[in-house]
Amino acid sequence: MKGRDFIRNEAPSSRKRTDEIMSFSEEVKQELIGKLPSSRHCQLSAAAALLHHCGLVQEIEGEPVLYLRTDRREQAQKLFTILRKTLRIERDFSREEEKLRVRGRIYFRAGIASQDMRRILTALEETRDSTGAEPAGFNGKICCKRTYLRETFLCIGSVSDPKKGYHLEFDCASEEQTFFLRKLMESFDIHAKTLKRKRYQVVYIKEGEEIAALLNVMEAHVSLMAFENMRIYRDMRNAVNRKVNCEAANISKTARTAAIQVEKIRQLEERGRLKSLEEGLREAAEARLRYPEASLKNLAALMDPPIGRSGMNHRLQKLMMLAEENAENGEDADKGLPRIIEQKKD
């Protein structure tokens, strides 16, 4: 078996389509299937991407034969439509039932005559750059980059449901393919990462903003709007949850602190210490006992005259300190308790 260098010999199968419930990834692909490039150079880029990632060229009796691996009839139909428009190539329906199994993967014969297959290979080779760094058939123009990314996503791409999380990936067969895809995306200021998964190299994006940018580059505008709507909903929900959790934590902290303050003040009250405190401390203690669930701000407003929140906190802290010193010195050690005696008026 001989495979052309621009044809990908092995590729992980794309996510299977379900007729009952279509995933977000399938919705994106369904939208992209219907987009046909108008210019010849973009058509060649689209054909190159489809052949590169979904095709296998095998020489049988010295003649090149094309096989396709895809679970989408529309995807194969799109390739034939592009080839018909670009190179006037027609399908041979009589040969399409032939199948080829390669390492557990099923390839269907594309139904393209051998002489037409040579024309396809020649047309793609003619567009290859002199360095050989880019796939045959790829032009390098901005519009061709968009087209190549779009058709590549149809073959080896997938994107998770934005309701569950942000993840878009391409499953590549080689490091060269991952490098080329990352280079394409970086030309649109989209930065992807790579990892190795079994035999395949994965190019992936996990940032919602960058996934949205790539959907826009591939011209999946309907899917982009659905993605952005869900992203806005998730961001708002997360913001609300953070605010609620923060307020709940503050309330819990305030309640715990207030309970400790009430307990310490009652200890002073039981030992007859409140009456001997200066007026400001006594007023703060009485307010806390009267309103055990009130915040510092609300307690501060009850003082006569009203004081600031920090002033109220200072008074309560001083009461706590007196209660702790009283506990350390013992309940009967009256002389050891530092007291702040109310100043007598003349």
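For clarity, every value in this text was computed on a predicted model and none was experimentally measured. (Residues numbered from 1 in each chain as written. Predicted model: local features only at pLDDT ≥ 70, side-chain atom pairs only at ≥ 80, totals over all residues. Heavy atoms only, no water.)

**Notes on the pairing of strand 7 (residues 193-197)**
Okay, so step 1: Both strand 7 and strand 8 (residues 200-205) contribute to a ladder of five bridges, which runs antiparallel. Residue pairing across strands places Arg-197 opposite Tyr-200, the latter belonging to strand 8.
Okay, so step 2: Remark: two residues form the turn of the hairpin made by strand 7 and strand 8, two consecutive strands paired antiparallel; Lys-198 in that turn has positive phi of roughly 55 degrees. (Pairing = 2+ DSSP bridges. Helix = DSSP H or I, 4+ residues; strand = E, 2+ residues; numbered from the N terminus.)

**Things to note about the packing of helix 1 (residues 24-33) against helix 8 (residues 221-270)**
Okay, so step 1: Running from N to C, helix 1 and helix 8 point in directions that differ by 150 degrees, and their axes come no closer than 8 Å. The angle between the axes of helix 1 and helix 8 places the two elements in the roughly antiparallel class. Listed contacts from helix 8 to Phe-24, Glu-27, Val-28 and Glu-31 of helix 1 are His-221, Val-222, Ser-223, Ala-226 and Phe-227.
Okay, so step 2: Class assignment of the residues belonging to the contact of helix 1 with helix 8 gives a composition of five nonpolar, two polar and two charged. (Axes fitted to C-alpha atoms, helices over the stretch in contact; angles between N-to-C directions. Parallel < 35°, antiparallel > 145°, perpendicular 65-115°, else oblique. Contact = heavy atoms within 4.5 Å. Nonpolar A, V, L, I, M, F, W, Y, C, P; charged D, E, K, R; others polar.)

**Structural notes on the packing of aromatic side chains**
Okay, so step 1: Taken as a whole, this structure holds four aromatic pairs when the rule is applied.
Okay, so step 2: Residues Tyr-148 and Phe-180 carry aromatic rings whose centres are separated by 5.4 Å and whose planes lie at 85 degrees to one another, so their mutual orientation is edge-to-face. On the criterion of sequence distance, the pair formed by Tyr-148 in helix 5 (residues 142-156) and Phe-180 in helix 6 (residues 175-186) is long-range, its members being 32 residues apart. Considered together, Tyr-148 and Phe-180 belong to a single accessibility category, that of buried residues. (Phe/Tyr/Trp six-rings, centres within 6.5 Å; stacked < 30°, edge-to-face > 60°. Buried < 20%, exposed > 50% of the residue type's maximum accessible area, 1.4 Å probe, protein only.)

**Structural notes on the environment of Ala-294**
Okay, so step 1: Along the polypeptide, Ala-294 turns up in the loop between helix 9 (279-290) and helix 10 (296-302).
Okay, so step 2: Here Ala-294 falls in the buried class, since its relative accessible area comes to 14%.
Okay, so step 3: Taking the C-alpha atoms as reference points, Ala-294 and Ala-255, separated by 39 residues in sequence, lie 8.7 Å from one another.
Okay, so step 4: Those residues within four positions of Ala-294 in sequence are excluded, and the remaining contacts are Arg-288 and Leu-299.

So yeah, pure geometry; function would need other evidence.
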